[in-house]
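Here are the chains, one letter per residue:
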Amino acid sequence: MYDTDGRKYLDGVSSLWVTTFGHRTPEIDAAIIAQLGKLDHSTFLGATHTPGIELAEKLLALTPGLDKVFYAGDGSSAVEAGLKIAYQYSVQSGQPRPLFVHLSEAYHGDTLGAVSVGGMKLFHATYRPLLLKTATVGSPGLRAPGQTPVERAAEVIKELEAVMAAQGDQVCAIVLEPMVQAAAGMLTYDASFLRAARELATKYGALLMVDEVATGIARTGPMWAHQHAGITPDLLTCGKGITAGYLPLSAVLATDEVYSAFLGAPEKTFFHGHTYTANPLACAAANANLTLAVERDLPGQVAVLGARLADLLKPVGDRDSVVEIRQLGAMIGVEVANVRHRTGFEVCRAARKRGVWLRPLGDTVILMPPLTLGEAEQNLMVEALAEAIDEVV
Ligand code: PLP
């Protein structure tokens with residue numbers, strides 16, 4: 001990226017966690033231009049179009065166990081749709097269940113439904129009186145000093161068991177970010193928690209909704225983060241990386257079982273649709289992006305990238321000025337010691353002077369690079385971060 005004075009930056013956070021292959025991917029540019037020559041916009045209400053159909057097929061091919069796709073416009077609106085689907089599913093399965101279980105420190109977007117299942121005080125506390133009914137369990141990623149990820153997961157599983165034992169028949173869905181709570185500062189957690197959430201949802205007849213808006217399309221390694229745990233969710237939301245950031249588009253994926261509950265009578269319809277749902281240009285971008293993701297074996301590339309970045313970051317983590325490094329694939333949070341007002345922000349500012357664009361979440365500096373970042377660029381990113389930490393902290 002270049003600023004208005006012509007200075008050059010490496011984008012170490014994939015814009016807002018969206019670019020897949022770096023900015024301006026020729027194949028995606030070409031796909032959008034080709035689509036422009038065919039169809040600009042066509043309503044998805046009671047109609048469909050070729051790029052939308054192709055994209056649904058591509059998404060489902062990447063997602064064993066899920067069978068249907070519902071489009072939305074961005075991450076938050078996918079979450080809204082998912083929440084409404086989960087509640088309506090309970091109504092149409094014979095027992096309305098108005099309660100959602102979610103995690104503390106969660107972030108699912110800024111619209112009211114998404115805020116309801118969010119758990120970050122700064123962003124969400126003000127709106128509590130306006131929100132859906134929820135029960136909150138602790139963050140499996142927030143470990144006490146000396147506690148292992150497995151021990152923390154076991155603790156929160158107990159909490160979740162207790163909530164479900166007390167109110168399980170009221171719960172329509174357990175909603176969570178799989179494996180890593182991104183906006184909370186890359187709080188990674190053990191896969192045993194995800195497996196337990198799957199089991200408890202099934203046991204109590206609730207749906208498991210995984211929000212892969214940040215983690216999807218190989219950001220953590222596998223195409224979807226829930227695949228680390230070997231589970232299948234009932235609902236999956238995705239957005240951000242599906243178009244590589246070119247155009248707004250998101251989706252909710254669902255099982256046939258969920259879908260079937262919406263068939264049979266007109267009033268069972270899911271009355272929900274946005275003007276820009278499945279915009280054909282956005283679908284064309286996503287189709288090109290997903291084709292490349294498969295052709296270029298993005299999961300394999302992220303495994304290599306993640307391992308190399310972990311090695312490069314080891315000496316950074318050894319500094320007294322660094323509290324912890326949390327990483328899953330290409331999602332990395334470097335928590336620095338809080339030595340002054342807005343330490344994380346100052347570290348990012350110092351990295352910017354060195355030609356690397358980063359963003360903090362509190363005192364955690366986020367590294368979320370394009371998934372095909374070359375070795376020289378990886379070196380540059382980590383060197384700039386190390387120097388910036390040494391300058392500021
Ligand atoms: N869900 C998760 C897990 C996210 O990380 C985000 C955004 O960061 C959202 C939902 C909201 O997506 P959007 O900003 O596209 O509405």
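Cut-offs used in this document
- Residues numbered from 1 in each chain as written.
- Predicted model: local features only at pLDDT ≥ 70, side-chain atom pairs only at ≥ 80, totals over all residues.
- UniProt positions renumbered as here; feature names shortened; annotations may be inferred.
- Pairing = 2+ DSSP bridges.
- Helix = DSSP H or I, 4+ residues; strand = E, 2+ residues; numbered from the N terminus.
- Axes fitted to C-alpha atoms, helices over the stretch in contact; angles between N-to-C directions.
- Contact = placed C-beta atoms within 7 Å.
- Parallel < 35°, antiparallel > 145°, perpendicular 65-115°, else oblique.
- Left-handed = near helix turned anticlockwise from the far one by under 90°.
- Nonpolar A, V, L, I, M, F, W, Y, C, P; charged D, E, K, R; others polar.

As named in an unreviewed UniProt entry, the chain is Adenosylmethionine-8-amino-7-oxononanoate aminotransferase, taken from Longispora fulva. UniProt, in its Cofactor (unreviewed entry) section for the chain, records the words "pyridoxal 5'-phosphate". Recorded under Sequence similarities (unreviewed entry), the UniProt text for the chain is reproduced unchanged: "Belongs to the class-III pyridoxal-phosphate-dependent aminotransferase family."

Next up on the list: the sheet that holds strand E14 (residues 359-361). The four strands are arranged E11-E12-E15-E14 in an open sheet whose pairing can be described as antiparallel. Of all strands in the sheet, those bounded by a partner on one side alone are strand E11 (322-328) and E14. On average, each strand axis in the sheet is tilted by 25 degrees relative to the strand beside it, whichever way the strands run. Bridge count for E11 against strand E12 (residues 331-336) is six bridges, and the pairing is antiparallel. Paired with Gln 327 across the two strands is Ile 332, which belongs to E12. Contacts from helix H11 (residues 298-317) reach E11 and E12 within the one sheet, and its direction differs from that of E11 by about 175 degrees.

Here we take up the packing of helix H12 (residues 343-353) against helix H13 (residues 375-392). Running from N to C, H12 and H13 cross one another at 125 degrees; their axes reach a closest spacing of 8 Å. Taken together, the axis directions place H12 and H13 in an arrangement best described as oblique. With respect to the hand of their crossing, H12 and H13 are arranged in right-handed fashion. Touching Thr 343, Glu 346, Val 347, Ala 350 and Ala 351 of H12 are Ala 384, Leu 385, Ala 388, Ile 389, Glu 391 and Val 392, all from H13. Residues belonging to the contact of H12 with H13 are distributed by class as follows: eight nonpolar, one polar and two charged.

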